[in-house]
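# Survey of secondary and tertiary structure
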Amino acid sequence: MNHAEMTSKSAAAIDRARAQGRSALIGYLPAGYPNVEDTIAAGIALAENGADLIEIGIPYSDPVMDGQVIQAATTEALANGFHVKQVFDVVAGITSKTDAAVLVMTYWNPVVRMGVDEFSRRLAEAGGAGLITPDLIPDEATEWMAASDKYGLDRVFLVAPSSTAERMQRTVDASRGFVYAVSIMGVTGARTSVSTAAKDVVAAAHDAGAERVCVGLGVSTAGQVREIAEYAEGVIVGTALVAALRDGGVDAVAALTKDLSTGLAPEAGHTTDGA
Amino acid sequence: MADAPSGNAENNTAEAFLQGGSLRHAPGPYFGSYGGRWMPESLIAALDELEETFNKAKDDPEFRAQIADLNKNYSGRPSLLTEAKRFSQHAGGVRVFLKREDLNHTGSHKINNVLGQALLAKRMGKTRIIAETGAGQHGVASATAAALMGMECVVYMGAEDCRRQALNVARMELLGATVIPVTSGSQTLKDAINDALRDWVANVSNTHYLLGTAAGAHPFPAMVRYFHEVIGDEARAQILEQEGRLPDAVCACIGGGSNAIGIFHGFLDDPSVKIYGFEAGGDGVETGRHAATISLGKPGVLHGARSYLMQDDDGQTVESHSISAGLDYPGVGPEHSYLSDIGRVSYEPITDTEAMEAFRLLCRTEGIIPAIESAHALAGAIKVGQRLAAEDPATAAEKIIIVNLSGRGDKDVATAAEWFDLLDKNSAESEIGKEGEQL
């Protein structure tokens, strides 16, 4: 199959934002936290308040790229009885009610266990856009490359400040939809400032031919969104949204999303103090 | 529920190698379909740097001389090969020889790996070492190497293990290390590895992750094995010197599998030598409370490698159980998964009860208190010896089994005393002497 001709739901969502003269906002929530219904409600709230793409995480027993806030939420989801197949209910629940592109963020073993082809088939059937894979590098992705082509799914690999030029090129070439630029050497979690490394990683990805690069890790405020929107096609917020859901439920997610979205366009006004 | 991983289907592969190939040549990243690098991109550059440094070092006479010097003058190598004559009577009357890794400095095989990796860390210009530990053995070994080489050392350890193993925490602190209790996830060894990986991602520029077993992402499985191959090399030379022939069988215990892969490698290319790995069967594999990863797990990816894995239907890692903290890990090194699939090594579970009986037997027949980990290998050797004797009683007394006695059992005295009900109910030791606890 010709990759260039394949429609990418993520690329389309980012391009719609671009047509409006702004970067895209991507919001992360873990599936099943605190339960499946609330994840769907919070996902819809994300889409209705300014998120262009939604990243639904699969709670996993060994989340090595996650900091304490997300770990605590996913551990709770698992304790509440979350099962991997329910992620498809979450994806379908959101895509049936919104236009947002919905990706699944997952560590690789749950996909291996279900079967890469079977997982991909069910994700496509639920209306999902593709997968973000924090512990799968293109070098190990032969099966996923085939399945994502077969079912028309985006494959979002990560690039990092430590990626060499060679690896950057390989990862950009293997990705579809967008490339996920890790802003700092570390795990998920809100940080007071976004490191200057993020800008360099995005520039390197652009130089390698990536048309859409989105920045994640450590982004939690509209001010940080604004800073990143100046050089990246998309901004990813996770921990801050999970904390909002934890502390104030779906309403708090809606309010934070609205606030974050004010940072998207370079010409937008100054940030509010939290809506 | 088992996938019947051992032997059969791919036996022709094993035959093919025995007819000319070499299983000792296994540089990674893959061992059959196992191994690889299932890791965040952020760490790939560090793994590349480590691989390059390791490959250069093992071909560098100066590095090899450094390792040889440390092995001889710091660890006390070569470790002895001791015939266990009275113990042998309980193993079908075959001759059992013990490879005495328990006599190494710090009391186990662990020192081989930590010295090698610490030297590599220095070569890479890293000033800080991080490590994971279950009961504390690898943490103590890492702290030892860091002290010897003047490096900072941080050890991640499950919060519950820290409480139960207070003396091992004190040991590490005496050696200058910082111990960080891990409170995430199930708060066990696998979560300590997770937290060490999180630390490594954030501090990779000055930090080396000194992984304690032959698992994880490439180059760890091949590299950790390399530093432990001295066990098998010595054992093979010693038995040839002492007895003029190769053993009939080699036995070792398997958690992640570093001591086992070290001794196995000496004999992998000797077709006449049968090789056995003994996993922790815990309360019995039928109870679900065990750590028999190869016997009952399914292939998956965890901590950077594709290998057999104890997991549920969703691919979530399940908790392992064993009286031996050193075997209490739900994964296993990828090379073992491969050696099982091709039928070169047989992997079998040993229950807590069988291990403790062998533990007591070695104490009373040989005057050697083994680590409970190593007692699993001893229990397995008893079974193998009895099988050899049953096959051909007339030649039993000529058969030779080598057991890797991977560590000494001083650390396990409280656990053993509790198991055998040797403690006064009012003693302080009785208070803390619960499953997996050590003094």
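Residues numbered from 1 in each chain as written. Chains lettered and ligands numbered in written order. Predicted model: local features only at pLDDT ≥ 70, side-chain atom pairs only at ≥ 80, totals over all residues.

## Thoughts on the overall build of chain A
- A tally of regular secondary structure across chain A gives 11 helices and 9 strands.
- Its C-alpha atoms give chain A a radius of gyration of 17 Å, near enough to 19 Å, the size a compact globule of 275 residues would have.
- By its C-alpha atoms, chain A is 45 × 45 × 30 Å across when sized along the principal axes.
- Relative to its 275 residues, chain A shows a buried fraction of 61%.
- Contacts spanning at least 24 positions in sequence make up 73% of the contacts within chain A whose residues lie at least 6 apart. (Helix = DSSP H or I, 4+ residues; strand = E, 2+ residues; numbered from the N terminus. Rg over C-alpha atoms; globule rule 2.2 N^0.38 Å. Buried ≥ 20, exposed ≤ 12 C-beta atoms within 10 Å, placed from the backbone. Contact = placed C-beta atoms within 7 Å.)

## Thoughts on the nonpolar core
- With 236 residues, the main nonpolar core has A:Ala181, A:Ala205, A:Val235, B:Cys251 and B:Ile401 as its most contacted residues.
- Residues within four places of A:Ala205 in sequence aside, it is in contact with A:Val159, A:Met168, A:Val172, A:Val179, A:Ala181, A:Ala210 and A:Val213. (Core = buried A, V, L, I, M, F, W, Y, C linked by C-beta atoms within 7 Å.)

## Concerning the interface of chain B and chain A
- Chain B puts 26 residues into the contact, and the matching count from chain A is 33 residues.
- Counted by class, the side of chain B that touches chain A contains 11 nonpolar, 10 polar and 5 charged residues. (Nonpolar A, V, L, I, M, F, W, Y, C, P; charged D, E, K, R; others polar.)

## Let's talk about the sheet that holds strand β2 (residues 34–38) of chain B
Residues and elements named next belong to chain B.
- The strand order across the open sheet built from 4 strands is β1-β2-β13-β12, with neighbouring strands paired in antiparallel fashion. The open sheet terminates on both sides in strands that have one partner only, identified here as β1 (30–31) and β12 (298–302).
- Pairing of β2 with strand β13 (residues 304–309), which is carried by 2 bridges, proceeds in the antiparallel orientation. Of the residues in β13, the one forming a bridge with Trp38 is Gly304.
- Its contacts with the sheet place helix α13 (residues 334–341) against β1, β2, β12 and β13, and it is angled at close to 45 degrees to β13. (Pairing = 2+ DSSP bridges. Axes fitted to C-alpha atoms, helices over the stretch in contact; angles between N-to-C directions.)

## Regarding the pairing of strand β3 (residues 101–105) of chain A
- The buried fraction of β3(A) is high, at 5 of 5 residues.
- The side-chain alternation of β3(A) yields two buried faces, one formed by A:Ala101, A:Leu103 and A:Met105 and the other by A:Val102 and A:Val104.

## Concerning the sheet that holds strand β4 (residues 130–132) of chain A
Residue and element names in this part refer to chain A.
- Taken together, 9 strands build an open sheet; the order of strands is β5-β4-β3-β2-β1-β9-β8-β7-β6 and the sheet is parallel. On the outer flanks of this sheet lie β5 (154–156) and β6 (158–159), each paired with one strand and no other.
- The sheet contact formed by strand β8 (residues 213–216) and strand β9 (residues 234–237) spans 2 bridges and is parallel. Looking across to β9, one finds that Cys214 is bridged to Gly234.
- Contacts from helix α4 (residues 86–95) reach β2 (53–57) and β3 within the one sheet, and its direction differs from that of β3 by about 165 degrees.

## Observations regarding the confidence of the model for chain A
- Per-residue confidence for chain A averages 93 on the pLDDT scale, and 94% of its residues sit at or above 70.
- This stretch, residues 268–275 of chain A, has a pLDDT under 50; its non-local contacts, to residues over four places away or in other chains, come to 13 contacts. (pLDDT = per-residue confidence, 0-100.)

## Focus: the packing of helix α5 (residues 110–123) of chain B against helix α10 (residues 220–243) of chain B
All names here are of chain B.
- Their axes nearest at 8 Å, the elements α5 and α10 cross at an angle of 130 degrees. Accordingly, the angle class assigned to the pair α5 and α10 is oblique. Here the hand of the crossing between α5 and α10 comes out right-handed. Within the contact between the two elements, α5 uses Asn112, Asn113 and Gly116 and α10 uses Val224, Phe227, His228 and Val230.
- Here the contact of α5 with α10 is composed, by residue class, of 3 nonpolar, 4 polar and no charged. (Parallel < 35°, antiparallel > 145°, perpendicular 65-115°, else oblique. Left-handed = near helix turned anticlockwise from the far one by under 90°.)

## Thoughts on the confidence of the model for chain B
All names here are of chain B.
- Residues with a pLDDT of 70 or more make up 93% of chain B, whose mean pLDDT is 92.
- A low-confidence stretch, residues 435–439 (pLDDT under 50), is modelled with 22 contacts involving residues beyond four sequence positions or located in other chains.
- Interface scoring of the predicted complex returns ipTM 0.93; its pTM is 0.94.

## Overview of the pairing of strand β10 (residues 274–284) of chain B
Residues and elements named next belong to chain B.
- Counted residue by residue, β10 has 8 buried out of 11 residues, so it is predominantly covered.
- Two elements, strand β9 (residues 249–254) and β10, share 6 bridges in a ladder whose sense is parallel. Paired with Ala252 across the two strands is Gly277, which belongs to β10.
- The sheet contact formed by β10 and strand β14 (residues 345–351) spans 7 bridges and is parallel. Directly across from Tyr276, in β14, lies its bridge partner Ser346.
- As defined by bridge partners, β10 adjoins strand β11 (residues 289–291) across 2 bridges and the pair is classed as antiparallel. Bridge pairing in β11 places Ala280 opposite Ala291.
- Joining the antiparallel neighbours β10 and β11 is a turn of 4 residues, in which Gly288 adopts a positive phi near 80 degrees.

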